[in-house]
There are 2 protein chains.
Amino acid sequence: MPPLFHLLAVSAAGGRRGRLLLPHQTVETPVFMPVGTQGTVKAVPQDTLESLGVEIILGNTYHLYLRPGHEPIRRMGGLHRFISWPRAILSDSGGFQVFSLSSLRKVTDDGVQFRSHLDGSSHFFTPEHSIDVQIALGADVVMSFDECTEYPASRARVEESLRLTVAWARRSLDHFRAHSHDVPWFDLQVRRTQSLFGIVQGGMHRDLRRQCAERLVEMDFDGYAIGGLSVGEPRELTLEMISEVLPLLPKDKPRYVMGVGYPDEIELYARMGVDMMDCVLPTRAARHALLFTSEGRLNIKNKQFAEDQSPPDPACQCPVCRRYSRAYLRHLMNAGEPLSATLNSIHNLAYYLAIMSRVRKSLESESADQSPGR
Amino acid sequence: MPPLFHLLAVSAAGGRRGRLLLPHQTVETPVFMPVGTQGTVKAVPQDTLESLGVEIILGNTYHLYLRPGHEPIRRMGGLHRFISWPRAILSDSGGFQVFSLSSLRKVTDDGVQFRSHLDGSSHFFTPEHSIDVQIALGADVVMSFDECTEYPASRARVEESLRLTVAWARRSLDHFRAHSHDVPWFDLQVRRTQSLFGIVQGGMHRDLRRQCAERLVEMDFDGYAIGGLSVGEPRELTLEMISEVLPLLPKDKPRYVMGVGYPDEIELYARMGVDMMDCVLPTRAARHALLFTSEGRLNIKNKQFAEDQSPPDPACQCPVCRRYSRAYLRHLMNAGEPLSATLNSIHNLAYYLAIMSRVRKSLESESADQSPGR
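Residues numbered from 1 in each chain as written. Chains lettered and ligands numbered in written order. Predicted model: local features only at pLDDT ≥ 70, side-chain atom pairs only at ≥ 80, totals over all residues. Heavy atoms only, no water.

Right, let's talk about the overall build of chain A for a bit. The secondary structure content of chain A amounts to 14 helices and 16 strands. When the 374 residues of chain A are sorted by exposure, 59% land in the buried category. For chain A, the proportion of contacts with a sequence separation of at least 24, taken over those separated by at least 6, is 67%. Carbon and sulfur atoms provide 50% of the accessible area of chain A, an area that totals close to 14000 Å². In chain A, 42 side chains carry a positive charge and 43 a negative one; their mean positions are 3 Å apart. (Helix = DSSP H or I, 4+ residues; strand = E, 2+ residues; numbered from the N terminus. Buried < 20%, exposed > 50% of the residue type's maximum accessible area, 1.4 Å probe, protein only. Contact = heavy atoms within 4.5 Å. Areas by Shrake-Rupley, 256 points an atom, 1.4 Å probe, with all protein chains shown as cover. Lys, Arg positive; Asp, Glu negative; His and termini not counted. Charge placed at Lys NZ, Arg CZ, Asp CG, Glu CD.)

Residues and elements named next belong to chain B. Burial along strand 14 (residues 276-279) is two-sided: the residues Met-276 and Asp-278 and Met-277 and Cys-279 are all buried. Relative to strand 14, strand 4 (residues 31-36) runs parallel, the two being bridged by four bridges. Bridging from a neighbouring strand, Met-33 pairs with Asp-278 of strand 14. Read from strand 13 (residues 255-257) through helix 10 (residues 263-272) to strand 14, the crossover connection turns out right-handed. (Pairing = 2+ DSSP bridges. Right-handed = clockwise from strand over helix to strand, strands pointing away.)

Okay, the environment of Pro-68 of chain A next. Its place among the elements puts Pro-68 of chain A in the loop between helix 2 (61-66) and helix 3 (70-75). What makes Pro-68 of chain A partly exposed here is its relative accessible area of 28%. As for Pro-68 of chain A and Phe-114 of chain A, which are separated by 46 residues in sequence, their C-alpha atoms are 18 Å apart. Contact partners of Pro-68 of chain A, with chain neighbours within four places excluded, come to Ile-73 and Phe-82 of chain A together with His-331 of chain B.

All names here are of chain B. Between helix 8 (residues 206-219) and helix 9 (residues 235-245), whose axes approach to 9 Å, the crossing angle comes to 40°. Here the hand of the crossing between helix 8 and helix 9 comes out right-handed. Along the contact surface, helix 8 presents Arg-206, Arg-209, Arg-210 and Ala-213, while helix 9 presents Glu-240, Met-241, Glu-244 and Val-245. Counted by class, the contact of helix 8 with helix 9 contains three nonpolar, no polar and five charged residues. (Axes fitted to C-alpha atoms, helices over the stretch in contact; angles between N-to-C directions. Left-handed = near helix turned anticlockwise from the far one by under 90°. Nonpolar A, V, L, I, M, F, W, Y, C, P; charged D, E, K, R; others polar.)

The next subject is the side chain of Lys-253 of chain B. Among the structural elements, Lys-253 of chain B can be located in the loop between helix 9 and strand 13. The class of Lys-253 of chain B is buried, set by a relative accessible area of 16%.

Moving on: the nonpolar core. Membership of the largest hydrophobic core comes to 186 residues, with the highest contact counts inside it found for Met-277 of chain A together with Met-277 of chain B. Those residues within four positions of Met-277 of chain B in sequence are excluded, and the remaining contacts are Val-31, Phe-32, Met-33, Tyr-256, Val-257, Val-260, Ile-266, Tyr-269, Ala-270 and Met-356 of chain B. (Core = buried A, V, L, I, M, F, W, Y, C linked by side-chain atoms within 4.5 Å.)

All right, on to the interface of chain B and chain A then. Listed by partner, the interface residues are 38 residues for chain B and 38 residues for chain A. The largest share of the area that chain B buries against chain A comes from Glu-307, Arg-323 and His-331 of chain B, three residues that together contribute 20% of it. There are six salt bridges connecting chain B and chain A. Here chain B and chain A share 24 residue pairs in polar contact (both at pLDDT 80 or more) between them. Looking at the side of chain B that touches chain A element by element, the count peaks at five residues for helix 13 (residues 326-334) of chain B. (Buried area = accessible area lost by both parts, 1.4 Å probe. Salt bridge = Lys/Arg side-chain N within 4 Å of Asp/Glu carboxyl O. Polar contact = N/O pair within 3.5 Å; in protein donor to acceptor, adjacent residues only side chain to side chain.)

This part takes up helix 8 (residues 206-219) of chain A. Residues and elements named next belong to chain A. Taking 1.5 Å of rise per residue, 14 residues should cover 20 Å, and helix 8 covers 20 Å from first to last C-alpha, within 8% of that figure. Those residues of helix 8 not exposed but buried are Leu-208, Arg-209, Cys-212, Ala-213, Leu-216 and Met-219. Along the long axis of helix 8, the arc covered by the buried residues comes to 135°, so they all point the same way. Residues of helix 8 that are buried in the fold lie against helix 7 (155-178), strand 11 (195-200), strand 12 (223-226) and helix 9 (235-245). (Expected span 1.5 Å × (residues − 1). Arc of directions from axis to C-beta.)

A few words on the packing of aromatic side chains. As enumerated under the stated definition, the model contains 24 aromatic pairs over all chains in all. With a centroid separation of 5.6 Å and an interplanar angle of 20°, the aromatic rings of Tyr-324 of chain A and Tyr-328 of chain A are classed as stacked. Judged by centre distance (6.2 Å) and plane angle (80°), the rings of Tyr-262 of chain B and Phe-292 of chain B are edge-to-face. Highlighted residues: Tyr-262 of chain B in the loop between strand 13 and helix 10 and Phe-292 of chain B in strand 15 (residues 290-293), separated in sequence by 30 residues. (Phe/Tyr/Trp six-rings, centres within 6.5 Å; stacked < 30°, edge-to-face > 60°.)

On to the sheet that holds strand 3 (residues 25-29) of chain A, then. Residue and element names in this part refer to chain A. Taken in spatial order, the three strands of this open sheet run 1-2-3, and their pairing is antiparallel. Taken across any chain shown, the strands that pair with only one partner, and hence form the sheet edges, are strand 1 (5-10) and strand 3. Here the average twist between neighbouring strands, direction ignored, is 15°. Sheet analysis places strand 2 (residues 16-22) next to strand 3, joined by five bridges and oriented antiparallel. When the bridges of strand 3 are listed, Leu-22 appears paired with Gln-25.

Moving on to the relation of the copies chain B and chain A. Relative to chain A, chain B is turned by 180° and slid 0.0 Å along the rotation axis, the superposed coordinates differing by an RMSD of 0.0 Å. One copy is carried onto the other by what is essentially a two-fold rotation axis. For chain B, the minimum C-alpha distance to the rotation axis belongs to Pro-338 of chain B and amounts to 3.6 Å. (Least-squares fit on C-alpha atoms with pLDDT ≥ 70 in both.)

Here we come to the sheet that holds strand 9 (residues 122-125) of chain B. Residue and element names in this part refer to chain B. With antiparallel pairing, the three strands of this open sheet are ordered in space as 7-8-9. Since the sheet does not close on itself, it has two edges, and those belong to strand 7 (103-107) and strand 9, each with one partner. Averaged over all adjacent pairs, the angle separating strand axes in this sheet is 15°, with direction ignored. Pairing between strand 7 and strand 8 (residues 112-115): three bridges, direction antiparallel. What sits directly across from Lys-106, in strand 8, is Gln-113.

We now examine the packing of helix 9 of chain B against helix 10 of chain B. Residue and element names in this part refer to chain B. In contact at an axis separation of 11 Å, helix 9 and helix 10 are set at 20° when each is read in the N-to-C sense. Our classification of the angle between helix 9 and helix 10 gives roughly parallel. At the point where helix 9 passes helix 10, the crossing takes the right-handed sense. For the pair helix 9 and helix 10, contact is made by Arg-235, Thr-238, Leu-239, Ile-242 and Ser-243 and by Asp-264, Glu-265, Leu-268, Tyr-269 and Met-272, respectively. Grouping the constituent residues of the contact of helix 9 with helix 10 by class yields five nonpolar, two polar and three charged. (Parallel < 35°, antiparallel > 145°, perpendicular 65-115°, else oblique.)

A residue-level look at chain A finds 97% of positions with pLDDT of 70 or above and a mean pLDDT of 95. Interface scoring of the predicted complex returns ipTM 0.97; its pTM is 0.97. (pLDDT = per-residue confidence, 0-100.)

To continue, consider the environment of Gly-15 of chain A. All names here are of chain A. Residue placement: Gly-15 occurs in the loop between strand 1 and strand 2. C-alpha separation for the pair Gly-15 and Leu-268, spaced 253 residues apart in sequence, amounts to 9.3 Å. Residues within four places of Gly-15 in sequence aside, it is in contact with Ala-9, Val-10, Ala-270, Arg-271, Met-272, Gly-273 and Leu-363.

The next subject is the environment of Arg-206 of chain B. Residue and element names in this part refer to chain B. If you trace the backbone, Arg-206 turns up in helix 8. With a relative accessible area of 43%, Arg-206 lands in the partly exposed category. Between the alpha carbons of Arg-206 and Arg-157 there is a distance of 15 Å; along the sequence they are 49 residues apart. In terms of polar contacts, Arg-206 uses its side chain to reach the side chain of Glu-240, at 3.5 Å.

Dropping the structure here:
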């Protein structure tokens, strides 16, 4: 297999300008990945995502496993075909949603028993089963099955959780390697198959994070994620954990911080050397009237925008800011119109994508400035 | 003012291929007009409407008057600017929504007192006020204020309603003519201003319909609508009323049947000589899982589509049918995803527009076949 990741440039601060060579799409990094929970980035059509320049989206294994089910998706050729998204997809392991959405969750060494948040039906996820489901979905990048620790948690609780996460990472990797040709699109003359990332957990304990990272690096995953962050901890702790883990990860493999964050956070982490990030925030905030702009956050329901004919963000070049006014977006939100979620989401995603585009350009020029030839 | 309507060809059955020269758009007729109730065709972005070839949409005076209000819209330059829709708009008079949505409705010769369905606030609409609101909104075509008769209704009730509708039509016209330069975009060097259509009422009584049509034609409106249909009557009655009224209307002016209908209806009426129609059906049905296709109506929630990878309508060239499968649309609907309403609505609108496009071509060729030169 050709290498998954090309490192193109590194800044003095450790920021990395790279390129992920995924089966369905070459992805320029650092990249922000919009979340398509149930096989759709909420309220945004696929062609709009394409025109915004989105190269990779997330799919949630837990949601798609429950509805419509991974077997129907496998029979239909995998998630790309099912949702008509030809570019790259990353699937999570389901671990986080089992932790946050399901009820009557019971964890053993073997796996997790839980009840569906939809109908109360009982399900059992093991690392092997999570990988099987993710192979059926056929995302370009899949994640090892991990145990998420709540925040705050005692050291004993985090240690136990870490033990499971490391054991499950090993089992995820072994099962993935044994079935690496099972992905629905493998027979389509595509030479590459899926990639598997390990997830570094360890709560808010630097030594446990370090321990977990070292164990996972020994296993030689295709890439490494840092999970269990943005779960309610102060932002300084998030930053501390990321700073602790990044130097331990192999330079030639992609690094993914899961579930972050606000616009200033994704810029900060990208400049520190994080290659991939995802978050529901831009789309979820959009549905709740919160717009991210170069002038700060706007609550578009605010009365002050009732007759404001300026674009949501005068500095933004997105299709929403080029066409619509704050007054119109406010009206759509107040009138409960479905177009409100669509337009707000398009702008917020464009805002996030523009940040990453700017960071990529900046990393290129910073690195060029440092080169001996200049 | 240059003529509003060009009649290009007439078929043996009376079907008319025409062209409406509106200030914001030349509209090819017969035309189906999507309904943009609150300043948005529900769940469909404006650029999508443009790419579908939509040339004119409806705005509802009652809804826009209540929220955000016609005065803010006037101050922002009118509805076209407010909703960023540069093509044509037709506004209704508010009469139908006052009749169907508001509570505590009290009709006098002067006008209608009613309570808002949103907050219970009290409002009074006269013909003059309806026209003032419609001038503030600035649609290309505005409608005279009418009294809608419920179905079924006694002859006495219809006669009284008709008396009001005719009197209000006169007052609408006088007020409109006295204020024809007040439209927000009149100062923008546009030589034409709004057009006003009269509305033929008369319940399900042929003689009353005839009486109303004759009175309105004497007043010399810019165009004529047939209202008070599709209110629960059997379809034969709808057809009978349209057949009765059409021959009474001047051939050189556009004819608009309000609030119809199903795909076969709009084709039928267009072939009989109706130039304009509007209906919430394609978008409302879409939000309730009903798709109109060349294979008949599909309830996309149906289990039989769970793994159906064919397009919603294999004969349709719309962007939804070119990209997505029945299985995916079913999943979006079942998962309660907002994209469901968007994609279903785009297909249904495209289906309606394709019918009218086919009818226009057919009317051209039928008329050509009849021409003496062939």
